[in-house]
Amino acid sequence: MKITKICCIGAGYVGGPTMAVIAQKCPHIQVTVVDLNEERIAAWNDANTDNIPIYEPGLDKIVGEARGRNLFFSTEVDKAIDEAQIIFISVNTPTKTYGKGKGMAADLKYIELCARQIARVAKDNKIVVEKSTLPVRTAEAIKSILDHTGNGVQFQILSNPEFLAEGTAVQDLLNPDRILIGGDPSEEGQKAIQALVDVYSNWVAPAKILTTNVWSSELSKLTANAFLAQRISSINAMSELCEKTGADVNEVAKAIGMDSRIGSKFLKASVGFGGSCFQKDILNLVYIAKSYGLNEVADYWEQVIIMNDHQKRRFSNTIIQTLYNTVSDKKITFLGWAFKKDTNDTRESAAIYVADDLINEHAKIAVYDPKVSRKKVLADLDYLATRAASTNAASIMSFDTPYEACENAHAIAILTEWDEFVQYDWQKIYDSMQKPAFVFDGRNILDGPVLEAIGFVYQGIGS
Ligand code: NAD
Ligand code: UDX
């Protein structure tokens, strides 16, 4: 089947960048990204590509090149579904906040709404692609909805999980480690797989395109995220032991990372992992394991989350204890609020939880993040529903420059590893702070001995 029109439902952190790259690499395919959120679509269509809703290095250029040529952003969901041969579903699948599986299972209501809308609108055969991260066997539910339209339209369902990481999304999409496509073993299923393989083959080498059955593909995505997060919790567990024993977690990470069986990536001790994926996907995995009665499997993976929560809480406790057991009315400056550098995404960022703990202790938090607004910071805290929004607003101070944010602070906490933090004039910052001037480096990005020579009391993670 020759693919000329693709539609993607969901113009978020995955749908937007993924489709922009497909459009750039496949000028012969018309790619339409649709979303119910009018404000988000308007931002994707903003004439000034600096204003697109997602900050990712290099994305503005790709959107600028393809938009209006073969890349379109629209709120007309029905029209895009009707016209496309391949429909990607890339909507959010957050942790359920109600009912059965609350706090654990993935909420599939948006996925089901998409399936029902496709079933209602489609007049000719379609390939439906699960791009969202989904519990294993979700394709079965989607298929059941699509196969009951009674209008004779044939659907093939593929699983094609996305492995991009935020902050490096464009590079990850241009040079993926692999593309995973799961489909039905039937002849029609194999044809659908081939149609999607042909799209990716426009820029990805054949050896990197892996095809499997649908369930392996769905489960591989949860497994990959669980393994990645597990490495961070493992090194973070060691960071606490390092602090007690005089070992240095950076040295330990380097030493073990040189073992080619372990590898050096994803061994950076930190204030704890954040982001919209790791916690949600592991909780989902735990829920699935429990639903099959696999309690040991569930407990094993749940420990990754328990360790991560501990690491975040440990960081705020260290700040409180070091500041003589009281942070009440003290100005504590957060450098960084995003869950990692080079993104404006703050979902599940460790900064939110550390701030929440410190506000409980009546601290005043000054936040500076190059890509995150005060409005977003307050929305993140209000979402936790720990206290009145007015108290959050009174507890958070915002500044236009990092130097103002640090002025008169009792302590600085590094929550995100933005490169620019390393370049700051730390002598100038020291001169403007209360003394003793404390730095808690939740990302181990600053040079401890250099800061100590200036006069700071410096504390990193795991040393
Ligand atoms: P997101 O919240 O940024 O975007 C989802 C979009 O879908 C929203 O704009 C929302 O308005 C839209 N939407 C929801 N229901 C809709 C409907 N019925 N019709 C039209 N639009 C609808 O989410 P995201 O970060 O892009 O994640 C999407 C999926 O991809 C999730 O399953 C996630 O787990 C997975 N994923 C995310 C990442 C990541 O780095 N963020 C990486 C890999 C996989
Ligand atoms: C992750 C997966 O990496 C990606 O493959 C998947 O598609 C989506 O989920 P993302 O959450 O965007 O991507 O970023 P990632 O680079 O994985 O970082 C997640 C969190 O872990 C961040 O808070 C990051 O700071 C933290 N982290 C990462 C560490 O603390 N130490 C590390 O060594 C690596």
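Residues numbered from 1 in each chain as written. Chains lettered and ligands numbered in written order. Predicted model: local features only at pLDDT ≥ 70, side-chain atom pairs only at ≥ 80, totals over all residues.

A. Inspection of the domain arrangement of the protein at higher detail. By the assigned domains, the protein splits into domain 1 (5-204) and domain 2 (232-463). Computed over C-alpha atoms only, the centres of domain 1 and domain 2 are separated by 33 Å. Contacts between the two partners involve 15 residues from domain 1 and, on the opposite side, 16 residues from domain 2. Class assignment for the residues of the side of domain 1 that touches domain 2 results in 9 nonpolar, 4 polar and 2 charged. (Domains from an automatic or database assignment. Contact = placed C-beta atoms within 7 Å. Nonpolar A, V, L, I, M, F, W, Y, C, P; charged D, E, K, R; others polar.)

B. Up close: the nonpolar core. The biggest cluster of nonpolar side chains holds 134 residues, and the ones touching the most others in it are Ile87, Val128, Phe334, Val354, Ala413 and Leu415. Per-domain counts for this core show at least three residues from each of domain 1 (5-204) and domain 2 (232-463). (Core = buried A, V, L, I, M, F, W, Y, C linked by C-beta atoms within 7 Å. Buried ≥ 20, exposed ≤ 12 C-beta atoms within 10 Å, placed from the backbone.)

C. Quick peek at the site of ligand 1. The environment of ligand 1 is formed by 26 residues, the closest being Gly10, Gly12, Tyr13, Ser132 and Thr133. At 3 residues, helix 5 (residues 109-121) tops the list of elements feeding residues into the shell around ligand 1. Tallied by class, the residues present in the shell around ligand 1 amount to 12 nonpolar, 10 polar and 4 charged. (Near = placed C-beta within 6 Å. Helix = DSSP H or I, 4+ residues; strand = E, 2+ residues; numbered from the N terminus.)

D. Spotlight on the packing of helix 13 (residues 350-360) against helix 14 (residues 374-384). The N-to-C vectors of helix 13 and helix 14 enclose an angle of 70°; their axes lie 10 Å apart at closest approach. By the criterion of interaxial angle, the relationship of helix 13 to helix 14 is roughly perpendicular. Once helix 13 is placed against helix 14, the crossing between them reads as right-handed. Facing helix 13, whose interface residues are Ile352, Ala355 and Asp356, helix 14 presents Asp380, Leu381 and Leu384. (Axes fitted to C-alpha atoms, helices over the stretch in contact; angles between N-to-C directions. Parallel < 35°, antiparallel > 145°, perpendicular 65-115°, else oblique. Left-handed = near helix turned anticlockwise from the far one by under 90°.)

E. Structural context of the sheet that holds strand 14 (residues 457-460). Strand order in the open sheet formed by 6 strands is 11-10-9-12-13-14, with parallel pairing between adjacent strands. Both edges of this open sheet fall to strand 11 (396-398) and strand 14, since each of them pairs with a single strand only. On average, each strand axis in the sheet is tilted by 20° relative to the strand beside it, whichever way the strands run. Inspection of the sheet shows strand 9 (residues 331-335) paired to strand 12 (residues 411-414) by 4 bridges, in the parallel sense. Across the sheet, residue isoleucine 332 finds its bridge partner in strand 12, namely alanine 411. (Pairing = 2+ DSSP bridges.)

F. Structural view of the site of ligand 2. Near ligand 2 lie 19 residues; those nearest to it are Lys268, Ser270, Phe273, Gly275 and Cys277. Element by element, the count of residues in the shell around ligand 2 is highest for helix 9 (residues 214-245), at 3 residues. For the shell around ligand 2, the class distribution of residues is 11 nonpolar, 4 polar and 4 charged. Composition of the shell around ligand 2 by domain shows at least three residues from each of domain 1 (5-204) and domain 2 (232-463).

G. Looking closely at the environment of glutamate 361. Following the sequence through the fold, glutamate 361 ends up in the loop between helix 13 and strand 10 (364-368). Separated by 35 residues in the primary sequence, glutamate 361 and threonine 326 have C-alpha atoms spaced 7.4 Å apart. Discounting chain neighbours no more than four positions away, the residues touching glutamate 361 are Ile320, Val327 and Ser328.

H. Examining unusual backbone geometry more closely. A cis amide bond links lysine 435 with the next residue in sequence, proline 436, at an omega value of -5°. Topologically, proline 436 is positioned in the loop between helix 18 (426-432) and strand 13 (438-441). With phi around 65°, asparagine 325 is a residue other than glycine that occupies positive phi space. Positionally, asparagine 325 belongs in the loop between helix 12 (295-322) and strand 9. Positive phi, normally seen in glycine, also occurs at glutamate 348, with a value near 55°. Mapping glutamate 348 onto the fold places it in the loop between strand 9 and helix 13.

I. Spatial organisation of the packing of helix 12 against helix 13. One way to put it is that helix 12 packs onto helix 13 with a least axis distance of 9 Å and a crossing angle of 45°. Classed by the angle they form, the pair helix 12 and helix 13 counts as oblique. As for the relative orientation of helix 12 and helix 13, their crossing is right-handed in sense. On the side of helix 12, the interface is formed by Lys312, Arg313, Phe315, Ser316 and Ile319, while helix 13 contributes Ala350, Tyr353, Val354, Asp357 and Leu358. Its residues assigned to classes, the contact of helix 12 with helix 13 comprises 6 nonpolar, 1 polar and 3 charged.

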